[in-house]
Amino acid sequence: MNITDIKKICVVGAGNMGHQISLAAALAGYQVACQDISPETLDQAEKFARNYLSERIAKGKITQEKADLALSNLRFTPRLEEAAGETDFVIETAVEKIDIKRQIFADLDRITPSHAILATNSSFIVSSKLADATGKPDKICNMHFFNPALVMKLVEVVQGPQTSDETGQIAMDLCAAMGKTGVLLKKEIYGFLVNRILDAINQEALFLVDTGIATPEQIDTAVVNALGHPMGPFRLMDLTGIDLAYYASKEFYQETRDLAKKPSPTIVEKYARGEYGKKVKKGFYSY
């Protein structure tokens, strides 16, 4: 099996990451089924796709013909059986909770054709923790896109100890086919590359807030104007989701039992209040 055998893609989850990955794949010419259990989320995802393509046409970035082709390649459904029954490649983008992901992978193992590759977009949960929920561990890998997926070029492809070289290569080739830059890791590590570096920055930034040294606004201003980052750590957490930061820290602590990895008090407070960031219009900033 190689990249030319990939014709149909299923994306599980139509949230911010899922619907953008779906549209990116549809624009690359793949037949894409985007699945979510929430009709409201599916409706929002479809509206986003239509609005995004209309804006790109208006700006002269794509032709009407290409936009029409992308829409014809893209469908939204609440039924996993319908989305994944004939797929060649699955990208799962569900919430960062391992029990939920394991159930999804078990369901996908039952539904998908035997040749189908199952990738998780998880930014922290390694594929080896999901592989034994299926009967084809060699076809399980991480394929981590960055937010916003339509804009960000990098994708981290991570092979677990069970992942075949063929699966890793096909995932890398799919990145290229979607206009992305893939980085292939042949050894698992929690948080992969980028998030390990970001985690070090975020931990120090949160320590400075937790101890009353500085405000999120002050830290973001310093990081942008001194380090040249396009946005500071707190605005970035608002963009990617404070709930994601909470789940990731909790998972990391449970994995390592390192007290230093427990969620920051500031993150716990934001999570408890439901202030998850930009997607709910309230996080460290108001939107």
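Keep in mind that what you see is a predicted model, and the values were worked out from it rather than measured. (Residues numbered from 1 in each chain as written. Predicted model: local features only at pLDDT ≥ 70, side-chain atom pairs only at ≥ 80, totals over all residues. Heavy atoms only, no water.)

(A) A look at the packing of helix H7 (residues 194-210) against helix H11 (residues 265-273). It is the contact of H7 with H11, at a shortest axis distance of 8 Å, that shows an interaxial angle of 85°. With respect to each other, H7 and H11 are oriented roughly perpendicular. Two secondary-structure elements touch here, H7 through Leu206, Val209 and Asp210 and H11 through Pro265, Thr266 and Ile267. (Axes fitted to C-alpha atoms, helices over the stretch in contact; angles between N-to-C directions. Helix = DSSP H or I, 4+ residues; strand = E, 2+ residues; numbered from the N terminus. Parallel < 35°, antiparallel > 145°, perpendicular 65-115°, else oblique. Contact = heavy atoms within 4.5 Å.)

(B) Representation of the packing of helix H2 (residues 39-58) against helix H3 (residues 64-73). Where H2 meets H3, the closest approach of the two axes is 9 Å, and the angle between their N-to-C directions is 165°. Between H2 and H3, the interaxial angle falls into the category roughly antiparallel. Judged by the twist between their axes, the crossing of H2 over H3 is right-handed. In contact with Arg50, Leu53 and Ile57 of H2, H3 contributes Gln64, Ala67, Ala70 and Leu71. Partitioning the contact of H2 with H3 into residue classes produces 5 nonpolar, 1 polar and 1 charged. (Left-handed = near helix turned anticlockwise from the far one by under 90°. Nonpolar A, V, L, I, M, F, W, Y, C, P; charged D, E, K, R; others polar.)

(C) The arrangement of the nonpolar core in detail. With 40 residues, the main nonpolar core has Ile9, Ile21, Val32, Phe89, Met143 and Phe145 as its most contacted residues. By residue number, the principal contributor to this core is helix H1 (residues 16-27), which donates 6 residues. When near neighbours in sequence (up to four residues on either side) are disregarded, phenylalanine 145 contacts Met17, Ile21, Ile91, Asn121, Leu154, Val155, Met178 and Lys180. Listed in part, the 17 residues of the second largest apolar core include Cys10, Ala83, Ala84 and Ile140. (Core = buried A, V, L, I, M, F, W, Y, C linked by side-chain atoms within 4.5 Å. Buried < 20%, exposed > 50% of the residue type's maximum accessible area, 1.4 Å probe, protein only.)

(D) Here's a closer look at the environment of phenylalanine 76. Tracing the chain through its elements places phenylalanine 76 in strand S3 (residues 74-77). When the C-alpha atoms of phenylalanine 76 and alanine 248 are compared, they prove to be 28 Å apart, with 172 residues separating the residues in sequence. Excluding residues that lie within four positions of it along the chain, phenylalanine 76 makes contacts with Cys34, Leu42, Ala45, Glu46 and Ala49.

(E) The layout of surface pockets, seen in detail. Here the second largest pocket defines a volume of roughly 290 Å³. Around the second largest pocket sit 15 residues that line it, and Ala24, Leu27, Tyr52, Leu150 and Met178 are the ones nearest its centre. Of all elements in the fold, only H1 and H2 reach the threshold of two or more residues within the lining of the second largest pocket. In terms of residue class, the lining of the second largest pocket is made up of 9 nonpolar, 1 polar and 5 charged. (1 Å grid on protein atoms, 1.4 Å probe; cavity = no way out; pocket = protein on both sides within 12 Å on 5 of 7 lines; lining within 4 Å. Points joined across faces, edges and corners; volume = space filled by probe spheres on them.)

(F) Layout of unusual backbone geometry. The peptide bond linking asparagine 147 to proline 148 adopts the cis configuration, its omega dihedral lying at 0°. In this fold, proline 148 is placed in the loop between strand S6 (140-145) and strand S7 (154-158). In this structure, phenylalanine 192 is a non-glycine residue whose phi angle is positive, near 60°. Tracing the backbone through its elements, the reader meets phenylalanine 192 in the loop between strand S8 (181-185) and H7. Classification of phenylalanine 192 as buried rests on a relative accessible area of 1%. Residues other than glycine seldom take positive phi values, yet lysine 281 does so here, at roughly 70°. Along the polypeptide, lysine 281 turns up in the segment after H11.

(G) Quick look at the packing of aromatic side chains. Scanning the model with the defined rule gives 7 aromatic pairs in all. Relative to phenylalanine 284, the ring of phenylalanine 234 lies with its centre 4.8 Å away and its plane at 75°, an arrangement referred to as edge-to-face. Remark: phenylalanine 284 occurs in the segment after H11 and phenylalanine 234 occurs in helix H9 (residues 233-240); sequence separation between them is 50 residues. Judged by its relative accessible area of 0%, phenylalanine 234 is buried. An aromatic cluster is defined as three or more aromatic residues linked by ring pairs; in this entry it consists of Tyr246, Tyr247, Tyr271 and Tyr276. The ring of tyrosine 285 carries arginine 235 above its face, with NZ or CZ at 3.8 Å from the centroid. Geometry around tyrosine 253 places arginine 257 over its ring, the cationic atom sitting 5.3 Å from the centre. (Phe/Tyr/Trp six-rings, centres within 6.5 Å; stacked < 30°, edge-to-face > 60°. Lys NZ or Arg CZ within 6 Å of the ring centre and 35° of its normal.)

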